[in-house]
Amino acid sequence: MTPTQKRADEGVRSLKLKEIADLVGGEIVGQADVPITGVAGIKEAKKGDISFVSNAKYLPFLLETQASAVITAPDVTSDRTPLLRTANPSQAFTKVISFFKPGGAYQTEGVHPTAVLGKGVTLGRGVAVGPHAVIGDRTVIGDRTVIEANTFVGPSCRIGSDSRVYPNVTIREETVLGDRVIVHSGTVIGSDGFGYDTVAGVHVKIPQTGSVFIEDDVEIGANVCIDRGRFQRTWIKKGAKIDNLVQIAHNVVIGENALLVSQSGISGSTELGKNVVLAGQAGLVGHITLGDNVIVCAGAGVTKSVPADTIVLGQPAKPIGEQKRLFALIARLPDLFRDFADLKKKLEK
Amino acid sequence: MTPTQKRADEGVRSLKLKEIADLVGGEIVGQADVPITGVAGIKEAKKGDISFVSNAKYLPFLLETQASAVITAPDVTSDRTPLLRTANPSQAFTKVISFFKPGGAYQTEGVHPTAVLGKGVTLGRGVAVGPHAVIGDRTVIGDRTVIEANTFVGPSCRIGSDSRVYPNVTIREETVLGDRVIVHSGTVIGSDGFGYDTVAGVHVKIPQTGSVFIEDDVEIGANVCIDRGRFQRTWIKKGAKIDNLVQIAHNVVIGENALLVSQSGISGSTELGKNVVLAGQAGLVGHITLGDNVIVCAGAGVTKSVPADTIVLGQPAKPIGEQKRLFALIARLPDLFRDFADLKKKLEK
Amino acid sequence: MTPTQKRADEGVRSLKLKEIADLVGGEIVGQADVPITGVAGIKEAKKGDISFVSNAKYLPFLLETQASAVITAPDVTSDRTPLLRTANPSQAFTKVISFFKPGGAYQTEGVHPTAVLGKGVTLGRGVAVGPHAVIGDRTVIGDRTVIEANTFVGPSCRIGSDSRVYPNVTIREETVLGDRVIVHSGTVIGSDGFGYDTVAGVHVKIPQTGSVFIEDDVEIGANVCIDRGRFQRTWIKKGAKIDNLVQIAHNVVIGENALLVSQSGISGSTELGKNVVLAGQAGLVGHITLGDNVIVCAGAGVTKSVPADTIVLGQPAKPIGEQKRLFALIARLPDLFRDFADLKKKLEK
């Protein structure tokens, strides 16, 4: 292998800057027919790339960038690089990205002939179903949603519009997903919760007959697990974002706009308020409540309910001020032990 | 999306209460022809649902439930809700569940035409193999076992009877699964163990030629990893239950009826006795032994062997009494530092 | 199920010892026509197995082994077991293993008729593509690489020669893999990084348009997640080895010959030097640097950059000597509190 940064599709797509202006709006300053073949960050951009600056602190990079064009706010000027000036550079850039990076789906419209659909499946307009995807009986899929290759959607599910389910996902029966939901590869939604009655030392499975209910604008990372409720639903509210390898047990409720960072885990029936943040590898015991805006720091182990607007840290987790003070005192233990020994020696004299 | 709790299949199945009594036995008290269209917990049940009460502490909910019928013990009465009275309400309810919630398999009998079977595959009676499942040469699958969509079972495996392998599972070559084993989606059984000889700074792979041996009545959650042994087998004994995202390294032995909670991890060659419990995110180093009935608390890091009947907590893990005492003393460090400073000041006067 | 150790394929392959000598070289001492039907470790070997001893400390097992033949160094002798003596017993044994354990791929050469290949896919000589695998447009796959069943490789990827991608893997668009790379089942490479702009409390997705670049001789375990860069690439350098369930966030750089043990996690933009070891469940915050040869102990939480050649332990992680001293002092807190109380009492008299 020759380690090279060239991508296999480099140069496949090409637009002139004025064609990009037609797509996303804005005013061109400089050479309007410069050819654009890709997108990149302002620091990483090479010749042929278009980039953007939306934050004033990145403006100095405009003096050094190799980009062939840059999208900026209306008041920006440049001697060396053609600009596309627009009120919202970040939004315009996102539109340009969607042209140059169409997103890798194998099937972008229609049902691939190798997909298997059950009885009574209802597909909205513009739905794409990839190769070897399987969709169970009676499932309903909204307009323009993409179900990618090798993904399984069980019977009696409902998936909203403009959602995207990446390859090799498993969505079990009766799951409900809202609009604009994104589910990354390897994720499992609706697996059985971990529940047993232990009778004479033997663990007897408790049927898990609930479902999973995921509201609009939720994004779920790769290899995440979200168990179905025992009777009720496990519930992820609008706008929550879930990173890779997160565990969400049965009957958990995740509040609106929560952020659950990678490898965090939430035990059964625990409920999170709005805007809660779990940093990486945080763990929560079951049957507790975290109030709105709670932040759980990385690696923390939360063993009891946390009131709103609190930051907790450590194992077991405590409010951050208290915990940081304890960490500082632990670091001073060598001094304390030594000073105490000195004092005792002195007093014994 | 209109967030509604209605499931797509609601009302698909319907039975009269007396038909349910025919299925599961028991005596009806009240209206025998009330139509039943679903199952739910006593608190969550709506009109049309049947529920159950097996524990006396839930009896008060009988006064408030919206259920159309409730399965109870023989001595229970109700003015408002039809009852199905039976000696074992929980067991009867589980039977009713299996009627209303058939479990979501795409294929419930026979081999789907898109499944690919190797040479010399042996299928028992009533086996179901889902769409796009792949089964390798010489693999043997017992009666009534279900292999779901998009699952891969490698060559020379043996899977017992009445087992269920959910979609998108990978079972590598030579794995043995017992009877009534459940494997949830995304799980990988028989991946190579993590073993290298480091020669002049380069890590040279040590072939992992053992297998995985899983006994009867084991349940394995979603996105679990169980590595094959280096030469021997990795061994999960009868009745052990494994939650989502658990890591089991090569040559590990899990004792009967162990409970491994989500995101716990066990390093190579470690052995667990009977009835061991690992709580969530617990971690065990390699080459140690945990005796029967050991409990490892959530997030604990076990660095050495633990004798039977011990509960351990913390990082590094210690017996729970000792560790809780240390946690309490750490919380009192601010007092200790202050008192010590006061004492020194006093003595200096 | 009758729990038996017999594998379904036991005895399928058989060679005489002299035929093995023809395959791997070396000198036979003892019976040259003893039939060999399998491979095993020196302690586990049964009749029919060939084993090996490369380390002098295992020589005593040669007196007890049940193996039908043993591969040893040239100076070893045995009264009871036929030997195959060679300069490098470990290497010879690895060759023998590859005969008896061909590795479980469903498809060992050519493209299975159920695989789906996009436009402009380029396959090298001897490439195998398993049942229901999907390969996107323009992707290039090098000689003798094996893409197993139900795996998805997105468009515009490049995979080198002699690589192996196990079943149910997802490799997203534009990923580059080198030669001799191994990717185990359930792993996701190139998923979107976890990045949002929070505008008026709503998390707006930041497009993740970079890629993943994996150099030669990297091995990646099962159910691992490696996110694509935001603009740049996430980069795994030559010879790094990654265990199961590891999280690698966007823009991370992993140095040559790093070892990342199971369930460890690395946040965005963090960079690791050469030969870094992350033990199980270690966690690293984002935007830090670990120098060459750093070792992070199991369960440690690294919150700031670590200089080369340092071992760190604990949450928050500290150099191991300092942290072990603190752990020892924490264990002595009961003594300190008691001694201090005694001293105060004494002084008050």
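The preceding data block contains the structure.
What counts, and where the lines are drawn
- Residues numbered from 1 in each chain as written.
- Chains lettered and ligands numbered in written order.
- Predicted model: local features only at pLDDT ≥ 70, side-chain atom pairs only at ≥ 80, totals over all residues.
- Heavy atoms only, no water.
- Contact = heavy atoms within 4.5 Å.
- Salt bridge = Lys/Arg side-chain N within 4 Å of Asp/Glu carboxyl O.
- Polar contact = N/O pair within 3.5 Å; in protein donor to acceptor, adjacent residues only side chain to side chain.
- Helix = DSSP H or I, 4+ residues; strand = E, 2+ residues; numbered from the N terminus.
- Nonpolar A, V, L, I, M, F, W, Y, C, P; charged D, E, K, R; others polar.
- Buried area = accessible area lost by both parts, 1.4 Å probe.
- Pairing = 2+ DSSP bridges.
- Patch = residues over 30% accessible without salt bridge, like charges linked within 9 Å, V, L, I, M, F, W, Y side chains within 5 Å.
- Areas by Shrake-Rupley, 256 points an atom, 1.4 Å probe, with all protein chains shown as cover.
- Buried < 20%, exposed > 50% of the residue type's maximum accessible area, 1.4 Å probe, protein only.
- Phe/Tyr/Trp six-rings, centres within 6.5 Å; stacked < 30°, edge-to-face > 60°.
- Lys NZ or Arg CZ within 6 Å of the ring centre and 35° of its normal.
- Least-squares fit on C-alpha atoms with pLDDT ≥ 70 in both.

Draft legend 1. Highlighting the interface of chain A and chain C. Between chain A and chain C, the contact holds 66 residues from the first and 74 residues from the second. The tally of links between chain A and chain C comes to 2 salt bridges. Counting across the chain A and chain C interface gives 21 residue pairs in polar contact (both at pLDDT 80 or more). At the level of secondary structure, the elements contributing two or more residues to the side of chain A that touches chain C comprise helix H2 (89-100), strand S28 (241-242), strand S31 (259-260), helix H3 (320-331) and helix H4 (333-348) of chain A. The biggest single contributor to the side of chain A that touches chain C is H4 of chain A, with 8 residues. Class assignment of the residues belonging to the side of chain A that touches chain C gives a composition of 32 nonpolar, 24 polar and 10 charged.

Draft legend 2. Just the interface of chain B and chain A, in detail. Each partner contributes residues to the interface: chain B has 66 residues there, and chain A has 74 residues. Buried area between chain B and chain A, summed over both chains or domains, comes out near 5300 Å², and the portion from carbon and sulfur atoms is 64%. Summed over the shared surface of chain B and chain A, the number is 2 salt bridges. When the shortest N-O distance is used, the salt bridge between Lys344 of chain B and Asp339 of chain A registers 3.9 Å. Run the count over chain B and chain A and you get 21 residue pairs in polar contact (both at pLDDT 80 or more). For the side of chain B that touches chain A, the elements supplying multiple residues, two or more each, are helix H2 (89-100), strand S28 (241-242), strand S31 (259-260), helix H3 (320-331) and helix H4 (333-348) of chain B.

Draft legend 3. Summary view of the side chain of Thr145 of chain A. All names here are of chain A. Residue position: Thr145 is located in the loop between strand S13 (140-141) and strand S14 (146-147). Side-chain polar atoms of Thr145 contact the backbone oxygen of Gly160, separated by 2.7 Å. Among all residues touching Thr145, those that are not within four sequence positions of it are Gly126, Val127, Ala128, Ile159, Gly160, Ser161, Asp162 and Ser163.

Draft legend 4. Molecular detail of the sheet that holds strand S40 (residues 318-319) of chain C. Residues and elements named next belong to chain C. One open sheet accounts for 12 strands, arranged S8-S11-S14-S17-S20-S25-S28-S31-S34-S37-S39-S40; its pairing is mixed. At either end of the open sheet lies a strand with only one pairing partner, and these are strand S8 (110-111) and S40. Where strand S39 (residues 311-313) lies against S40, 2 bridges are found, and the strand directions are antiparallel. Pairing of Val312 across the sheet is with Pro319, part of S40.

Draft legend 5. Inspection of a nonpolar patch on the surface at higher detail. All names here are of chain A. A surface patch of nonpolar side chains, amounting to about 230 Å² of accessible area, comprises Val199, Val202 and Val204. Here Val202 lies in strand S23 (residues 202-205). A residue is classified by how much of its surface remains accessible, and Val202, at 43% relative accessible area, is partly exposed.

Draft legend 6. Local environment of the packing of aromatic side chains. Applying the stated rule across the entire model yields 21 aromatic pairs over all chains. Seen from their ring centres, Phe99 of chain A and Phe100 of chain A are 5.1 Å apart, and the 90° between their planes marks the pair as edge-to-face. Through a chain of ring-to-ring contacts, the aromatic side chains of Phe52 and Phe93 of chain A together with Phe231 of chain C assemble into a single cluster. A cation sits over an aromatic face here: Lys237 of chain B above Trp235 of chain B, 4.5 Å from the ring centre.

Draft legend 7. Here's a closer look at the relation of the copies chain A and chain C. Once turned by 120° and shifted 0.1 Å along the axis, chain A lies on chain C with an RMSD of 0.1 Å. What the rotation and shift describe, once combined, is the action of a three-fold rotation axis.

Draft legend 8. Quick look at the pairing of strand S24 (residues 211-214) of chain C. All names here are of chain C. Residues Ser211 and Phe213 of S24 are buried on one face, and the alternating residues Val212 and Ile214, pointing to the opposite face, are buried as well. For strand S19 (residues 176-177) and S24, the ladder comprises 2 bridges, and the chain directions are parallel. In the sheet register, Leu177 faces S24, and the bridge partner there is Ile214.

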